[in-house]
Amino acid sequence: MSKQFDVVVIGGGPGGYIAAIRAAQLGFSTACIDAWTNDKGGPAPGGTCTNVGCIPSKALLQSSEHYEHAGHAFADHGISVSGLELDVAKMLKRKDIIVKQNNDGIVYLFKKNKVTFFHGHGSFVKAADGAYEIKVAGKAEETITGKHIIVATGSNARSLPGAAFDEELILSNDGALKIAAVPKKLGVIGAGVIGLEMGSVWRRCGAEVTVLEALQTFLGAVDEQIAKEAHKLFVKQGLSINLGVKIGEIVKGANDVTVNYTDDKGTEHKAVFDKLIISIGRTPNTNGLNAEAVGLALDERGFIAVDGDCKTNLPNVWAVGDVVRGPMLAHKAEEEGVAVAERIAGQHGHVNFNTIPWVIYTSPEIAWVGRTEQQLKADGVAYKAGTFPFMANGRARALGDTSGMVKFLADATTDEILGVHIVGPMASELISEAVVAMEFRASSEDIARICHAHPSLSEATKEAALAVDKRSLNF
Ligand code: FAD
Ligand code: NAI
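Residues take numbers from 1 onward in each chain, read along the sequence in its written order. The lettering of chains begins at A and the numbering of ligands begins at 1, in the order of writing. Local features in this predicted model are restricted to residues whose pLDDT is 70 or higher, and side-chain atom pairs enter the listing and the counts only when it is 80 or higher, whereas totals over whole chains, interfaces and linings include all residues. To obtain the side-chain values, all non-hydrogen atoms of the structure were used and water was disregarded.

Peer 1: What should I look at first to understand the site of ligand 1 in this one?
Peer 2: Whether a residue is near a molecule or strand depends on its heavy atoms: if one lies within 4 Å, it is near. Surveying the vicinity of ligand 1 reveals 38 residues, the closest of which are Asp-34, Thr-48, Lys-58, Gly-122 and Asp-322. Throughout this description, a polar contact denotes any pair of N or O atoms lying within 3.5 Å of each other; where both atoms belong to protein, one of them has to be capable of donating a hydrogen while the other can accept it, and for residues adjacent in sequence the pair is counted only when both atoms sit in side chains. In the model, an oxygen atom of ligand 1 is placed 3.3 Å from a nitrogen or oxygen of the Met-328 main chain. Contact between ligand 1 and Ala-330: an oxygen atom at 2.9 Å from a main-chain N or O atom of the residue. Secondary structure elements are taken from DSSP: a helix is a run of H or I of four residues or more, a strand is a run of E of two residues or more, and numbering for both begins at the N terminus. Contributions of two or more residues to the shell around ligand 1 are made by helix 1 (14-25), strand 2 (30-34), helix 2 (47-52), helix 3 (54-76), strand 4 (121-128) and helix 9 (330-344). Of the residues forming the shell around ligand 1, the biggest block, 4 residues, is contributed by helix 2. Think of it as three bins: nonpolar holds Ala, Val, Leu, Ile, Met, Phe, Trp, Tyr, Cys and Pro, charged holds Asp, Glu, Lys and Arg, and polar takes everything else, Gly as well. Split into classes, the residues belonging to the shell around ligand 1 amount to 15 nonpolar, 19 polar and 4 charged.

Peer 1: Just checking my understanding: could you explain the site of ligand 2 for this structure?
Peer 2: Neighbouring ligand 2 are 22 residues; Ile-194, Glu-213, Gly-281, Met-328 and Val-359 lie closest to it. Here a nitrogen atom of ligand 2 and a side-chain polar atom of Glu-197 are 2.9 Å apart. Val-359 places a polar main-chain atom, nitrogen or oxygen, 2.7 Å from a nitrogen atom of ligand 2. All accessibility values rest on the Shrake-Rupley procedure with a 1.4 Å probe; residue burial counts only the protein chains present in the view. For ligand 2, whose accessible area on its own is 840 Å², the fraction buried by protein is 77%. For the shell around ligand 2, the elements supplying multiple residues, two or more each, are helix 6 (193-204) and strand 18 (358-360). Here the shell around ligand 2 gets 3 residues from one element, more than from any other, and that element is helix 6. Its residues placed into classes, the shell around ligand 2 shows 14 nonpolar, 4 polar and 4 charged.

Peer 1: Hey, could you run me through empty space enclosed by the protein in this one?
Peer 2: Empty space left among the atoms is revealed by rolling a probe the size of a water molecule over them. The distinction between a cavity and a pocket rests on a 1 Å grid over the protein atoms alone: a 1.4 Å probe fits inside a cavity but cannot get out, while a pocket stays open yet meets protein on both sides within 12 Å along at least five of seven lines, and a residue with an atom within 4 Å of a point counts as lining. Grid points are joined across faces, edges and corners, and a volume is the space filled by probe spheres set on the points. Within the structure shown, the criterion is met by 1 cavity of 30 Å³ or more. Empty space within the largest cavity amounts to approximately 30 Å³. Ala-157, Arg-158, Ser-172, Asn-173, Ile-194, Ile-278, Ser-279, Ile-280, Gly-281 and Arg-282 together form the lining of the largest cavity. Each residue belonging to the lining of the largest cavity can be placed in one class, and the counts come to 4 nonpolar, 4 polar and 2 charged.

Peer 1: Help me out: how do you make sense of helix 6 in this one?
Peer 2: Residues spaced three or four apart along an α-helix point in a common direction, a consequence of the helix completing one turn every 3.6 residues. A helix is expected to span 1.5 Å multiplied by its residue count minus one. The first and last C-alpha atoms of helix 6 sit 17 Å apart over 12 residues, in line with the 16 Å expected at 1.5 Å per residue. Counting buried residues along helix 6, 10 of its 12 residues qualify, which places the element largely inside the surrounding structure. Throughout this description, buried means an accessible area under 20% of the type-specific maximum (1.4 Å probe, protein chains only), exposed means over 50%, and partly exposed covers the range between. Among the residues making up helix 6, those that are buried are Gly-195, Leu-196, Glu-197, Met-198, Gly-199, Ser-200, Val-201, Trp-202, Arg-203 and Arg-204. Just downstream of helix 6 lies Gly-206, where phi reads positive at about 120 degrees.

Peer 1: Hey, could you run me through the UniProt feature "domain: Pyridine nucleotide-disulphide oxidoreductase dimerisation" (unreviewed entry) in the protein chain in this one?
Peer 2: UniProt positions are given in the numbering used here, feature names are shortened, and annotations may be inferred rather than shown by experiment. On the UniProt side, "domain: Pyridine nucleotide-disulphide oxidoreductase dimerisation" (unreviewed entry) is annotated at positions that read residues 356-465 here. Span residues 356-465 is 35% helix and 28% strand, its end C-alpha atoms 20 Å apart.

Peer 1: What is the right way to read the nonpolar core from this model?
Peer 2: Among soluble globular proteins, nonpolar side chains are generally buried collectively. Grouped together as the largest cluster of nonpolar side chains are 37 residues, with contacts concentrated most on Leu-60, Met-198, Trp-202, Phe-218, Leu-219, Phe-234 and Ile-366. Of all the secondary structure elements, the ones that give two or more residues to this core are helix 3, helix 4 (88-113), strand 9 (185-189), helix 6, strand 10 (208-212), helix 7 (224-237) and strand 19 (365-370). Filtering out sequence-adjacent residues up to four positions away, Met-198 remains in contact with Ser-57, Leu-60, Ala-176, Leu-177 and Ile-277. We call a set of buried residues a nonpolar core when its members are Ala, Val, Leu, Ile, Met, Phe, Trp, Tyr or Cys and they connect through side-chain atoms within 4.5 Å of each other. Contact definition: two residues touch when any of their heavy atoms are within 4.5 Å.

Peer 1: Before we go on, may I ask you to explain the sheet that holds strand 19 in this structure?
Peer 2: Two orientations exist for strands paired in a sheet by backbone hydrogen bonds: parallel and antiparallel. Any two strands between which DSSP finds at least two bridges are classified as paired. Reading across the sheet, the 5 strands line up as 18-19-22-21-20 and stay open at both edges, with antiparallel pairing between neighbours. With partners counted over all chains shown, the strands left at the sheet margins are strand 18 and strand 20 (383-389), one partner each. Shown here is a sheet whose adjacent strand axes are inclined to one another by a mean of 10 degrees, direction ignored. For every element, the axis is a line fit to its C-alpha atoms; helices are fit only across the contacting stretch, and the angle between N-to-C directions ranges from 0 to 180 degrees. Contacting strand 20 and strand 21 (405-411), helix 14 (residues 458-468) runs over the sheet at an angle of about 140 degrees to strand 20.

Peer 1: Is there a simple way to think about the environment of Gly-192 in this case?
Peer 2: Note on placement: Gly-192 falls in the loop between strand 9 and helix 6. Considered as a pair, Gly-192 and Asp-96 are 96 residues apart in the sequence and their alpha carbons are 24 Å apart.

Peer 1: Is there a simple way to think about the sheet that holds strand 14 (residues 268-273) in this case?
Peer 2: Pairing is antiparallel in the open sheet, where 3 strands are placed in the order 12-13-14. Edge positions in the sheet fall to strand 12 (246-252) and strand 14, since each of these pairs with one other strand and no more. Within this sheet the neighbouring strands show an average axis-to-axis angle of 20 degrees, counted without direction. Across 6 bridges, the pairing between strand 13 (residues 257-262) and strand 14 is antiparallel. Counted as the bridge partner of Thr-258 is Val-272 from strand 14.

The structure is reproduced here in structure tokens:
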């Protein structure tokens, strides 16, 4: 007799493991199946985010930033460092330890919340009698049943035709997090989030980094003023960012890889790199789910088709996270996971897509919520804008990190905040205030009238809100 559960979650990334915990909290007998395997053959729940995404990338960003600061920024503080060396193996080991702590944390949370964990690959077998049969192929093979199924199988890196990832010379995000020695020349195809974050890591460590981007616009989804400022700062740091390129043949040598490309003026180039990262977006992971067996519908782009509530075309089958439409972000996946568990319980789980924050963890960080100035123009919305540069913020000066600005966009009539955009130190933390404000439909005047601690970076947020009404106090 197969094990029976109220809720079976396929995938143990941020969407899946959080959905499982919330379902268990709500009193459902819950199972979570995850296939990720560590280098010892054991389970490693947490998905892309924990294993080869958010967590390890931020660990390397931190290490490489310390290294860069020790090399340059410390001198301004009167601290001299001699014999500075980078131990890449140790830096990678630290990252691996942090990943494992997160894997172990999820195993602990499953135990605490009484979620039954299966390490293996889950696939649909059939639908019968108000429940679905799911085959789990792990060390042993077994079939379990669930009244509700939540699919949270995530996404995979998209490769370029003729340039399959070998994770030695041609790297996805996985290989980009494991480079054993600093490459002299690193190529990056795609100036998106991964390209800029991973390019920054290896540039800080000493690599000469060339970024090749197909579009003519740098960070097209980011507010234009913020993207321009960020572009200027990245170029100053030494990232070579080439926009409007057309990638041609990619040829692997014994120890290098040659990228043929045409630049935006039509000139042909042959660039030779020691390593090449390809970060041109990700594709939903539905492979091996056997979705056809139960008739689970995909959309035209290969994502699992869902409605606004994450319901698929099948009764009691839900899907969340990277495998469905919407931004590929861990916190979006988590919010959807919680909302689905609550909907299964008959509650009104909700996700507000208008207030999902975005962060790019470069230095300076870029963070935003809501609409950009170019979107407001396109939507024909009358708006007021206010900006405040970190250069005029006392805390930023004390930190020695004065690049960037905070920008507020508010409705011209009602003053409701429509978007907040930050490039600068700790933008990832500062953006939370704007998210809360927008959730409560605050006006820029509300933020302008709130007391912010001095000296703090958050005063730049208040000042940008004041600037909407042209009454900045410190600029
Ligand atoms: P995933 O995390 O991909 O998890 C899916 C899980 O399901 C995996 O463990 C997979 O092995 C498993 N699985 C798949 N199929 C099956 C099956 N049939 N049976 C069993 N298990 C299966 N987002 C942020 O918000 N902030 C960041 O800083 C950030 N940094 C990133 C950095 C990098 C380099 C990358 C690549 C991504 C980053 N992301 C970041 C994006 C984030 O990782 C994803 O949005 C998030 O992981 C999506 O969660 P998910 O649960 O939908 O899928
Ligand atoms: P991306 O969508 O951010 O950027 C891909 C870039 O590659 C785009 O600028 C695109 O124009 C370019 N591109 C596409 N095809 C190309 C080609 N043939 N030649 C040259 N350039 C090409 O995708 P990326 O960086 O792979 O990241 C995937 C997703 O992972 C992100 O969209 C994001 O959702 C998530 N992520 C989030 C992070 C965060 O929240 N800090 C960090 C890293 C990833």
